[in-house]
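The lines below spell out each chain.
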Amino acid sequence: MSRPVVVGVDDSDESLAAVDWAADEAAARGAGLRLVNASQWQEHQLQAVKPSRETRTDREQSLLGAMEERVRARQSGVAMATEEVEDAPARALLAAGSDADLLVLGSPGLGTVGGFIVGSVGQEVVAEAKHPVVLVRPDYGDREASAGAPGGDGRRKVVLGLDVRDVKDELLDFAFDFAERHAVPLHIVHTWHFPGLHHHAAAAGHGGPDPGTKAERESALSGAVRPYRDRFPGVKVSEETAPGRAASHLVQAASDAGLVVVGRRRSGAHMGSVTHAVIHHASCPVAVVPHA
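Because the structure is a prediction, the values reported are computed rather than measured.

Draft legend 1. Representation of the nonpolar core within the structure. With 46 residues, the main nonpolar core has Leu33, Phe176 and Ile188 as its most contacted residues. Not counting the four nearest positions on each side in its chain, Phe176 is found in contact with Leu186, Ile188, Val225, Tyr228, Arg229, Phe232, Val235 and Val237. Judged by nonpolar contacts, the second largest core, of 35 residues, contains Ala100, Val278, Ile279 and Val286.

Draft legend 2. Representation of helix α4 (residues 120–128). Looking at α4, one finds that the buried residues are Gly122, Val125, Val126 and Ala127. Residues of α4 that are buried in the fold lie against α3 (89–96), β4 (102–106), β5 (133–136), β9 (257–265) and β10 (286–291).

Draft legend 3. Inspection of the environment of Val225 at higher detail. Within the secondary structure, Val225 is located in helix α8 (residues 214–231). Given a relative accessible area of 0%, Val225 falls into the buried group. In this structure the C-alpha to C-alpha distance between Val225 and Val237, which are 12 residues apart in sequence, comes to 9.2 Å. Discounting chain neighbours no more than four positions away, the residues touching Val225 are Leu162, Phe176, Ile188, Val237 and Glu239.

Draft legend 4. Here's a closer look at the pairing of strand β7 (residues 186–192). Extensive coverage of β7 is indicated by the burial of 6 of its 7 residues. With helix α6 (residues 169–182) bridging strand β6 (residues 157–161) and its parallel neighbour β7, the resulting β-α-β unit is right-handed. One ladder, built from 7 bridges, connects β7 with strand β8 (residues 237–243); its direction is parallel. Considered in β8, the bridge of Val189 is made with Glu240.

Draft legend 5. Representation of the packing of α6 against α8 in the model. At a minimum axis separation of 11 Å, α6 and α8 run at an interaxial angle of 35°. Note on packing geometry: the crossing formed by α6 with α8 is right-handed. Contact residues: Asp169, Leu172, Asp173 and Phe176 in α6; Ala224, Val225, Tyr228, Arg229 and Arg231 in α8.

Draft legend 6. Spatial organisation of the pattern of salt bridges. A full pass over the atoms with the stated rule returns 21 salt bridges. When the shortest N-O distance is used, the salt bridge between Arg3 and Asp101 registers 3.2 Å. Within this pair, whereas Arg3 is found in the segment before β1 (5–8), its partner Asp101 is found in the loop between α3 and β4, the two being separated by 98 residues in sequence. Given a relative accessible area of 38%, Arg3 falls into the partly exposed group.

Draft legend 7. Spotlight on the side chain of Asn37. Mapped onto the secondary structure, Asn37 falls in strand β2 (residues 33–38). In this structure Asn37 comes out as buried when scored by relative accessible area, which is 0%. Among the polar contacts made by the side chain of Asn37, one reaches the main-chain carbonyl oxygen of Val9 at a distance of 3.1 Å.

Draft legend 8. Expanded view of the confidence of the model for the chain. Per-chain confidence: the chain averages 84 in pLDDT, with 80% of residues scoring 70 or above. Every residue in residues 42–46 is under pLDDT 50, and counting partners more than four places away or in other chains gives 8 contacts. A low-confidence stretch, residues 195–206 (pLDDT under 50), is modelled with 42 contacts involving residues beyond four sequence positions or located in other chains.

Draft legend 9. Local environment of the packing of aromatic side chains. Per the counting criterion, the structure on display carries 4 aromatic pairs. Between Trp21 and Phe178, the ring centres sit 6.1 Å apart and the planes meet at 10°, which makes this aromatic pair stacked. Of the two residues, Trp21 sits in helix α1 (residues 13–29) while Phe178 sits in helix α6, which places them 157 residues apart along the sequence. Given the relative accessible area of 4%, Trp21 is considered buried.

Draft legend 10. How the structure looks around unusual backbone geometry. Backbone geometry places Ala183, a non-glycine residue, at a positive phi of 55°. With respect to the helices and strands, the residue Ala183 is situated in the loop between α6 and β7. Judged by its relative accessible area of 44%, Ala183 is partly exposed.

Draft legend 11. Just the pairing of β10, in detail. Of all 6 residues in β10, 6 are buried, a share of seventy percent or more. In the sheet, β5 pairs with β10 via 3 bridges, with the strands oriented antiparallel. Bridging from a neighbouring strand, Leu135 pairs with Val286 of β10. Relative to β10, β9 runs parallel, the two being bridged by 6 bridges. Each bridged residue has a counterpart across the sheet, and for Arg264 the counterpart in β10 is Pro290.

Draft legend 12. Geometry of the sheet that holds β6. A sheet is described by the order of its strands in space; here 10 strands give the open sequence β3-β2-β1-β4-β5-β10-β9-β6-β7-β8, paired in mixed fashion. Strands at the two margins of the open sheet, each flanked by one partner only, are β3 (80–85) and β8. Each strand of the sheet is rotated relative to its neighbour by a mean of 20°, with strand direction disregarded. Relative to β4, β1 is paired through 3 bridges, and the arrangement is parallel. Its bridge partner lying in β4, Val6 is registered against Leu103.

Calculation rules
Residues numbered from 1 in each chain as written. Predicted model: local features only at pLDDT ≥ 70, side-chain atom pairs only at ≥ 80, totals over all residues. Heavy atoms only, no water. Core = buried A, V, L, I, M, F, W, Y, C linked by side-chain atoms within 4.5 Å. Buried < 20%, exposed > 50% of the residue type's maximum accessible area, 1.4 Å probe, protein only. Contact = heavy atoms within 4.5 Å. Helix = DSSP H or I, 4+ residues; strand = E, 2+ residues; numbered from the N terminus. Right-handed = clockwise from strand over helix to strand, strands pointing away. Pairing = 2+ DSSP bridges. Axes fitted to C-alpha atoms, helices over the stretch in contact; angles between N-to-C directions. Left-handed = near helix turned anticlockwise from the far one by under 90°. Salt bridge = Lys/Arg side-chain N within 4 Å of Asp/Glu carboxyl O. Polar contact = N/O pair within 3.5 Å; in protein donor to acceptor, adjacent residues only side chain to side chain. pLDDT = per-residue confidence, 0-100. Phe/Tyr/Trp six-rings, centres within 6.5 Å; stacked < 30°, edge-to-face > 60°.

Structure representation (structure tokens):
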């Protein structure tokens, strides 16, 4: 059995969506699911009277119990564990996710503007996590229902942003593995517009030589992807190369996707402009995959 999927829980709508997504993913992976509640999430900074430890414990146990029931109703075969942590939320989540395959967080939407609000906790976790982090919007259930409705695609594709000048195996491994596990297509996007598709390339001076013409870029992208096509022959793959800003292309490509995958360097706590833009504006769940 693989390592567990860890999900941070509170009483928000986005947390419910994150629990649903995490339960589905744990089932797909044949993995256990760990529900983690950091008690400080429930306390307002301006609260005049701090609740007693007993009150907080009762509230946390009630919350975790309700989440367990939700998971059982959705994915009855998933093994679960719950954890209450009295600690700073980001620190608690990072510790819980240190031995996990995946760490899942809810992220509230911006309503009519679209996209995510990623608060200080979410940004800290994404910037420092050693394993992939998935951010899930509160409308996850609605999007999945629309995919299965008449006229819906029923199979939400995975979108991957890839810089052919600085190809990272961690991103390709994650995206292909996810697409294969869920039997969905994979759409790989490479764009060129300084500083390039992946924020880290130019920001850290690792952009590499420019592949040149559109035909040369298409050839470079096909070459980078070919070994993964061979390893994952059941995955239907499409490739796209286009001039323009990476974040705009990825957000647009993700409008009808089930997941968009972007990267973040493990060294340093800087997400980079493309990843930052995608996690704030993509309309589907976003996986941020750390890499060397």
